[in-house]
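Topology and contacts: notes
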Amino acid sequence: MDRAIEPTELTAAAAPERLGEYLAGLAPPHTHHDHGPAKTVRTTEFEGHRIVVTTTYEVTVDGKPLNVQLHVDDDGTLSCHGLPSYQFASALDSIRALIANFPEDFEGGE
Amino acid sequence: MAVVRKNILTDATARDDYVRGVGLLKREPSGHTTAELGIPGPTNPVSTYDLFVVWHIRAMMKPVPPSGDHRVRNAAHRGPIFLPWHRVMLAALEANLQRVLQKPQFALPYWDWAADGELGAPAGAKIWKDTYMGGQGDPVADGPFRYDPADPDTFTIRLRSDSNGKILQTERGLRRIFGQGPPIGSPTMPTSTEQKEALAFDPGTADPVDRYDSSPFHVSSEGFRSRLEGFAPRNNKPHLHNQVHMWVGGDMGPAHSPNDPVFFLHHCNVDRIWEGWMDRYGRLYAPDMSFPAAVYEGHRIDDPIVSPLGPSATPRKVMDMSTLYVYDVKP
C-alpha cells in the first residue's frame, strides 16, 4: 500500500483559502452539450457490423425550449445530469422530475 | 491519532458538535467571492461550507478524462472514483470542522440509513427529530437548519445548481420532501438486506478486483461500487446511495445536494460501508493503470482525485485512511 494522506497535508489542502483557489481554477467545461439539444451517440459491434445509434431530445416546457442534458446509457436507461442520483425509463418522466426538483426554474403551472 | 467516527444516533456529543460546526462553517467567510469562483450574478462572499457545495457541482461537471463526456463518467460519480472522491471530500470537511470547533478529536458522525429503511415509516425516524436534523418542509421549519427570514444567522441556501449543473445564486431555506413516488423521488429507503446483498455481491470471475468494479466502469457495470452508488442491479429502481438522495428529496436531489447537512452524514455511512467491504475482501480497486488513459483517466488507481490535494490523493492513497479516522462499527 502506498503512503496514505498525512493529516497535515489534508489540513493544509482543506483550508478555505486553498480550497477556494482550487475551485476557482476548476473552470466548468464549455462543451458542445452546453447549447442546443443534447446528443447521445452509442456504438457497438455485432456479428462484424458496426452499429451507431444517435439519440437527440428536443424538449419544450410551456412552449419554451428546455436545454437539458439528457443522456442515454448503453442499456437504454435515461439519466439527467442535473439529478445525478436519478435514472429514468421515460424522457417524459425525466422532465416531470426536473420540474418537481427545480421549482425556481419552472415557475407558473399549478 | 485517528478519530473514531460514530453513529449520530448514539453519540450526542458528535451530533451537537456537527450541528455547531456546520453553523460556524456556514457563517465563516472563505475569503473567496462568487465572482472569483465564476458564479454569475452580484459579487457576494462565499462561506467555507458553501465551498463544498461548489466542489461537488464542479466535480460533477468535470469530464474525466478531459476529452470524455461528464454525463457518462465524471470526476465524482458514475464510475469507480465515486467512493474515493467522496472520501476525500468528507475528510476535508472533517478537517474544517475540527478547526472551527477547535476540537482535533472531532469525528464526522454517520447516519445508518439502512436501519431506518427497516422502519415502516422512515419519515418518523429519530434522525429527523427537532433535536437532530429537523424534518421535511419547503422550507424546513424545525431543527437546527430551519429557515427564519427574520434571523440574520438562519440556515440559508445561497448557491444552487440548475438542471444542467450550472451554479446560480439564491437566497432561501433548505428543502426536504420525503418519500415522493417515482419519477420525482423514491417512496422507500434502502434496507439492511439490500446493503448485505451489495456487500456480498460476487461477479463469479477469476479476478478478485472485479468485485469492486469491472469494465466498462460506468453505471452499467456490475460490482460493489455500482451497487453502493445505486445504479445496479439495473431494474429501473434506485438503490442504496441514490435511493437515499431520492427519498430525502428537495435539496438532496440536485447536484447541489451538499447544501443539506444530512448529505455528509449520508456519505459518511456510504464510506463506512465501503470500509466494511474492504474488511471482507481486502483493499482492492479497479481499474488499474493498464487501462487506457484516453478512456479511463481520472478513475484509475493512481490517477489524482479532483481535489486540492493534487497527486497526493489517488484511489490507492485513500484506500487506507486509518491514520486519520476509523469507524466504531462496520457493516
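Residues numbered from 1 in each chain as written. Chains lettered and ligands numbered in written order. Predicted model: local features only at pLDDT ≥ 70, side-chain atom pairs only at ≥ 80, totals over all residues. Heavy atoms only, no water.

Turning our attention to the overall build of chain B. Across its full length, chain B carries 10 helices and six strands. In terms of principal-axis extent, the alpha carbons of chain B reach across some 60 × 45 × 45 Å. Within the span of chain B, comprising 331 residues, buried residues form 63% of the whole. Pairs at least 24 residues apart make up 65% of the contacts formed inside chain B by residues separated by at least 6 positions. With an accessible surface of roughly 11100 Å², chain B has 53% of that area assigned to carbon and sulfur atoms. When the 36 basic and 38 acidic side-chain charges of chain B are each reduced to a single mean position, those positions are 1 Å apart. (Helix = DSSP H or I, 4+ residues; strand = E, 2+ residues; numbered from the N terminus. Buried < 20%, exposed > 50% of the residue type's maximum accessible area, 1.4 Å probe, protein only. Contact = heavy atoms within 4.5 Å. Areas by Shrake-Rupley, 256 points an atom, 1.4 Å probe, with all protein chains shown as cover. Lys, Arg positive; Asp, Glu negative; His and termini not counted. Charge placed at Lys NZ, Arg CZ, Asp CG, Glu CD.)

Our focus in this paragraph is the pairing of strand β2 (residues 49–56) of chain A. Where strand β1 (residues 39–46) of chain A and β2 of chain A come together, eight bridges link them in antiparallel fashion. Bridge pairing in β2 of chain A links Arg-42 of chain A to Val-53 of chain A. (Pairing = 2+ DSSP bridges.)

This brings us to the environment of Arg-20 of chain B. Following the sequence through the fold, Arg-20 of chain B ends up in helix α1 (residues 12–27). C-alpha separation for the pair Arg-20 of chain B and Leu-97 of chain B, spaced 77 residues apart in sequence, amounts to 9.0 Å.

The next thing to look at is the pattern of salt bridges. The final tally for this structure, using the stated rule, is 31 salt bridges over all chains. We note a salt bridge from Asp-73 of chain A to Arg-78 of chain B, for which the minimum N-O separation is 3.0 Å. Of the two residues, Asp-73 of chain A is situated in the loop between β5 (70–72) and β6 (78–80) and Arg-78 of chain B in the loop between α2 (48–61) and α3 (82–101); the pairing between them involves two chains. Between Asp-271 of chain B and Arg-87 of chain B there is a salt bridge, with its nearest N and O atoms 2.7 Å apart. Of this pair, Asp-271 of chain B sits in helix α8 (residues 262–281) while Arg-87 of chain B sits in helix α3, placing them 184 residues apart in sequence. A residue is classified by how much of its surface remains accessible, and Asp-271 of chain B, at 2% relative accessible area, is buried. (Salt bridge = Lys/Arg side-chain N within 4 Å of Asp/Glu carboxyl O.)

With that out of the way, let us pick up empty space enclosed by the protein. Throughout the structure, instances matching the rule amount to five cavities of 30 Å³ or more. Counted as a void, the largest cavity has a volume near 70 Å³. In this structure, the largest cavity is lined by Gln-69, His-71, Ser-79, Cys-80, His-81, Leu-83 and Pro-84 of chain A together with Met-60, Arg-71, Asn-74, His-77 and Arg-78 of chain B. Counted by class, the lining of the largest cavity contains four nonpolar, six polar and two charged residues. (1 Å grid on protein atoms, 1.4 Å probe; cavity = no way out; pocket = protein on both sides within 12 Å on 5 of 7 lines; lining within 4 Å. Points joined across faces, edges and corners; volume = space filled by probe spheres on them. Nonpolar A, V, L, I, M, F, W, Y, C, P; charged D, E, K, R; others polar.)

Moving on, we come to the nonpolar core. One finds Tyr-18, Trp-111 and Trp-128 of chain B to be the most contacted residues of the largest nonpolar core, which totals 95 residues. In terms of residue count, α3 of chain B provides more of this core than any other element does, 13 residues in total. Excluding its chain neighbours within four sequence positions, the residues that come into contact with Trp-128 of chain B are Trp-111, Pro-122, Ala-123, Met-133, Gly-134, Gly-135, Asp-142, Arg-176, Phe-178, Trp-247, Val-248 and Val-262 of chain B. Val-59, Tyr-86, Ile-95 and Phe-106 of chain A belong to the second-largest nonpolar core, a separate cluster that totals 17 residues. (Core = buried A, V, L, I, M, F, W, Y, C linked by side-chain atoms within 4.5 Å.)

Taken residue by residue, the interface counts 58 residues in chain A and 67 residues in chain B. Sorting the residues of chain A by area buried against chain B places Ile-5, His-81 and Ser-85 of chain A first, and these three jointly supply 13% of that buried surface. Arg-160 of chain B is paired through a salt bridge with Asp-105 of chain A; the nearest N and O atoms lie 2.6 Å apart. Here the side of chain A that touches chain B gets nine residues from one element, more than from any other, and that element is helix α2 (residues 16–25) of chain A. Taken together, the residues that form the side of chain A that touches chain B break down as 29 nonpolar, 15 polar and 14 charged. (Buried area = accessible area lost by both parts, 1.4 Å probe.)

Taken as a whole, the largest pocket encloses approximately 640 Å³ of empty space. Broken down by secondary-structure element, the contributors of at least two residues to the lining of the largest pocket are α1, β3 (45–47), β4 (157–161) and β5 (167–172) of chain B. A per-element tally of the lining of the largest pocket places α1 of chain B first, with four residues. By residue class, the composition of the lining of the largest pocket is nine nonpolar, eight polar and nine charged. What lines the second largest pocket is a set of 27 residues, and nearest its centre among them are Val-41, His-71 and Asp-74 of chain A together with Val-72 and His-218 of chain B. Broken down by element, the lining of the second largest pocket gets its largest block of residues, five residues, from β1 of chain A.

Residue and element names in this part refer to chain B. UniProt's feature table lists "domain: Tyrosinase copper-binding" (unreviewed entry) at residues 77–94 and 260–271, given in the numbering used throughout. Helix makes up 72% of residues 77–94 and strand 0%. Its end C-alpha atoms lie 21 Å apart. The distance from the first to the last C-alpha atom of residues 260–271 is 18 Å, and the span holds 83% helix and 0% strand. (UniProt positions renumbered as here; feature names shortened; annotations may be inferred.)

Okay, the packing of aromatic side chains next. Residues and elements named next belong to chain B. All told, the structure shown has 22 aromatic pairs over all chains when counted by the stated rule. Seen from their ring centres, Phe-178 and Trp-247 are 4.6 Å apart, and the 15° between their planes marks the pair as stacked. Taken as a pair, Phe-178 in the loop between β5 and α5 (192–200) and Trp-247 in helix α7 (residues 240–248) lie far apart in primary sequence, 69 residues in all. Across this residue pair, the class does not change: Phe-178 and Trp-247 are buried. Three or more aromatic residues joined by ring pairs make a cluster, and in this case those are Tyr-49, Phe-52, Trp-55, Trp-85, Phe-145, Phe-155, Phe-263 and Phe-264. Cation over ring: Arg-15 sits above Tyr-132, and NZ or CZ is 4.5 Å from the ring centre. (Phe/Tyr/Trp six-rings, centres within 6.5 Å; stacked < 30°, edge-to-face > 60°. Lys NZ or Arg CZ within 6 Å of the ring centre and 35° of its normal.)

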